[in-house]
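In case you want the letters, here they are:
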Amino acid sequence: MIATLFAVMFMLQLMPQPMKGNEAYRSEQYEDAVRIYREALEQNPQETRLLFNLGNALSMSGDKQESIETFKTFKSAAAEGEEGANADYNIGTLLADEDPEAAIESFISALRQNPGDEDAKHNLESLLKQQQQQEQQQQNQDPNQDEQQDQEQQDQQNPDQNQEQNQEDSGQNQDSDSADGSPPPDQQSQQSGQQPKIQPREAEALLDALEQREKDLLRAMKKESEQTAPKKGKDW
């Protein structure tokens, strides 16, 4: 299970409007919070931390795509470190269902900036496990179906050669059609309209790359943790 969005709200001193936005957010008045944060950003565009609060409010109000873009804007304005890691974490959480590969990249980026983030590590491991399960399902496909898909891919890659071969076969075998009038097997596969699917070996290569990437990341995290103490918690 993917851990939930990291929703700490920045507390900006001497700025009553963002405080009202935080109050609206905590009261689950997310659309009001979005409006208040937008107004505060118009008046104080230099307060880039408001973007993080706005991204959370947009997510909770159901505007996932704009929330992702807002977190990306915040990340580009924030310094490297825990703030950028939190933005990457939230982006990964929002992408986990629709684009797992992009989510994996975001969680890896979050862990590079904050190796002590246990939630990001948990989410990364969950997505990699899903990738492995998908690989196993693909390996359990009917071997005959795999062979048919390989043949279809080969036909698509060599259309000119296949066309010439078909013309030769047609000239030599005009009188040798089957008694029931059914088309040859290769024509049946083309008429079925099946599109080639990802092959097990391709999925296996992808999974191996992801597993190697996770191992490299964990080694880097271990090395860094030996040099510097990990950051504590997610409070600002």
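Turning our eyes to something else, we now look at the packing of aromatic side chains. Applying the stated rule across the entire model yields four aromatic pairs. Relative to Tyr-30, the ring of Tyr-25 lies with its centre 5.2 Å away and its plane at 70 degrees, an arrangement referred to as edge-to-face. The buried category is assigned to Tyr-25, whose relative accessible area is 10%. Judged by its relative accessible area of 17%, Tyr-30 is buried. Among the aromatic side chains, those forming a connected cluster through ring pairs are Phe-52, Phe-71 and Phe-74.

In this section: unusual backbone geometry. Residues other than glycine seldom take positive phi values, yet Glu-28 does so here, at roughly 65 degrees. Within the secondary structure, Glu-28 is located in the loop between helix 1 (16-26) and helix 2 (30-43). On the basis of relative accessibility, which here comes to 57%, the residue Glu-28 falls in the exposed class.

One way to put it is that helix 3 (residues 49-60) packs onto helix 5 (residues 82-95) with a least axis distance of 12 Å and a crossing angle of 15 degrees. One way to sum up the angle between helix 3 and helix 5 is to call them roughly parallel. When you trace helix 3 past helix 5, the crossing you get is left-handed. The residues of helix 5 that touch helix 3, namely those facing Arg-49, Phe-52, Asn-56 and Ser-59, are Glu-83, Asn-86, Ala-87, Asn-90 and Leu-94. Within the contact of helix 3 with helix 5, the residues separate by chemical class into three nonpolar, four polar and two charged.

Definitions and cut-offs
- Residues numbered from 1 in each chain as written.
- Predicted model: local features only at pLDDT ≥ 70, side-chain atom pairs only at ≥ 80, totals over all residues.
- Heavy atoms only, no water.
- Phe/Tyr/Trp six-rings, centres within 6.5 Å; stacked < 30°, edge-to-face > 60°.
- Buried < 20%, exposed > 50% of the residue type's maximum accessible area, 1.4 Å probe, protein only.
- Helix = DSSP H or I, 4+ residues; strand = E, 2+ residues; numbered from the N terminus.
- Axes fitted to C-alpha atoms, helices over the stretch in contact; angles between N-to-C directions.
- Parallel < 35°, antiparallel > 145°, perpendicular 65-115°, else oblique.
- Left-handed = near helix turned anticlockwise from the far one by under 90°.
- Contact = heavy atoms within 4.5 Å.
- Nonpolar A, V, L, I, M, F, W, Y, C, P; charged D, E, K, R; others polar.

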